[in-house]
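# Architecture and fold: a report
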Amino acid sequence: MPWGRLLKELKAGKIDLIPEASFTESRAKIYQYSIAYREIKVVFYSLKKIMKKQQENSLISYLDSGLKVGYLRQGYYGPNFENLKKMRVTAIY
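Within each chain, residue numbers correspond to sequence positions counted from 1 in written order. This being a predicted model, a pLDDT of at least 70 is required before a residue's local features are given, and a value of 80 or more before pairs of side-chain atoms are given or counted; all residues contribute to the totals for chains, interfaces and linings. As a rule here, side-chain values come from all non-hydrogen atoms in the structure, and water together with hydrogens is ignored.

Aromatic pairing here means that ring centres of Phe, Tyr or Trp (its six-membered ring) are within 6.5 Å. Orientation follows from the plane angle: under 30 degrees is stacked, over 60 is edge-to-face, and everything else is tilted. Overall, the coordinates contain four aromatic pairs when judged by the stated rule. When the ring of Phe23 is compared with that of Tyr33, the centres are 5.0 Å apart and the planes differ by 50 degrees; the resulting orientation is tilted. Taken as a pair, Phe23 in the loop between helix H1 (3-11) and helix H2 (25-28) and Tyr33 in the loop between H2 and helix H3 (48-52) lie far apart in primary sequence, ten residues in all. Note on Phe23: relative accessible area 47%, which makes it partly exposed. Ring geometry for Tyr77 against Phe81: centres 5.1 Å apart, planes inclined by 65 degrees, an arrangement best described as edge-to-face. In DSSP terms, a helix is any run of H or I states spanning at least four residues, a strand is any run of E spanning at least two, and both are numbered starting from the N terminus. Burial classes: relative accessible area under 20% of the type maximum marks a residue as buried, over 50% as exposed, and values in between as partly exposed (1.4 Å probe, protein chains only).

Turning our attention to the side chain of Glu9. In this structure, Glu9 sits in helix H1. As a buried residue without a salt bridge, Glu9 has its nearest oppositely charged side chain in Lys14, at a separation of 4.5 Å. Setting aside its immediate chain neighbours within four residues, Glu9 contacts Met1, Lys14 and Ile15. Positive charges are assigned to Lys and Arg, negative charges to Asp and Glu, while His and the chain termini are left out of the count. One side-chain nitrogen of Lys or Arg within 4 Å of one carboxyl oxygen of Asp or Glu is enough to make a salt bridge. We call two residues in contact whenever any of their non-hydrogen atoms come within 4.5 Å of each other.

With that out of the way, let us pick up the nonpolar core. Among buried residues, the Ala, Val, Leu, Ile, Met, Phe, Trp, Tyr and Cys ones that are joined through side-chain atoms within 4.5 Å form a nonpolar core. Leu59, Tyr62, Leu63, Val69, Phe81 and Leu84 form the largest nonpolar core, which has six residues in total. Looking at this core, the elements with two or more residues in it are helix H4 (59-64) and helix H5 (79-87). Of all the elements, H4 adds the most residues to this core, at three residues. One finds Trp3, Leu6, Leu7 and Ile18 within the second-largest nonpolar core, a separate group that totals five residues.

The next thing to look at is H5. Residues Phe81, Glu82, Leu84 and Lys85 constitute the buried set of H5. Take H5 and look down its axis: the buried residues cluster within an arc of 165 degrees, on one side only. Turned more than 90 degrees from where H5 packs its buried face, Pro79, Asn80, Lys86 and Met87 sit exposed. What the arc covers is the set of directions going from the helix axis to the C-beta atoms.

With that out of the way, let us pick up H1. Buried residues of H1: Trp3, Leu6, Leu7 and Glu9, and no others. The arc enclosing the buried residues of H1, seen along the axis, measures out at 165 degrees, which places them on a common side. Of the exposed residues in H1, the ones pointing more than 90 degrees away from its buried face are Lys8 and Lys11. Contact partners of the buried residues in H1: H2. Of the residues one or two after H1, Gly13 is the one with positive phi, at around 80 degrees.

Structural data, given as structure tokens:
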């Protein structure tokens, strides 16, 4: 189910829990967070042929080389990603 629909269903009481939610202040005003049930490292993945061409392994280098990033519009990927979305609007979809 798309992220926006999950939030709508949660708010309407049609579902009770959503897994893997990142903490944001705006969400904390509406929703109650559980304790963490797992800790994860967030990574990007791509086709091997695309990643092998990259000389540096960072989001900025990916965008500088013209790679396009897909993401959930209402998803939250941390402050670094949010800043890059603002700076490089045409590169991230």
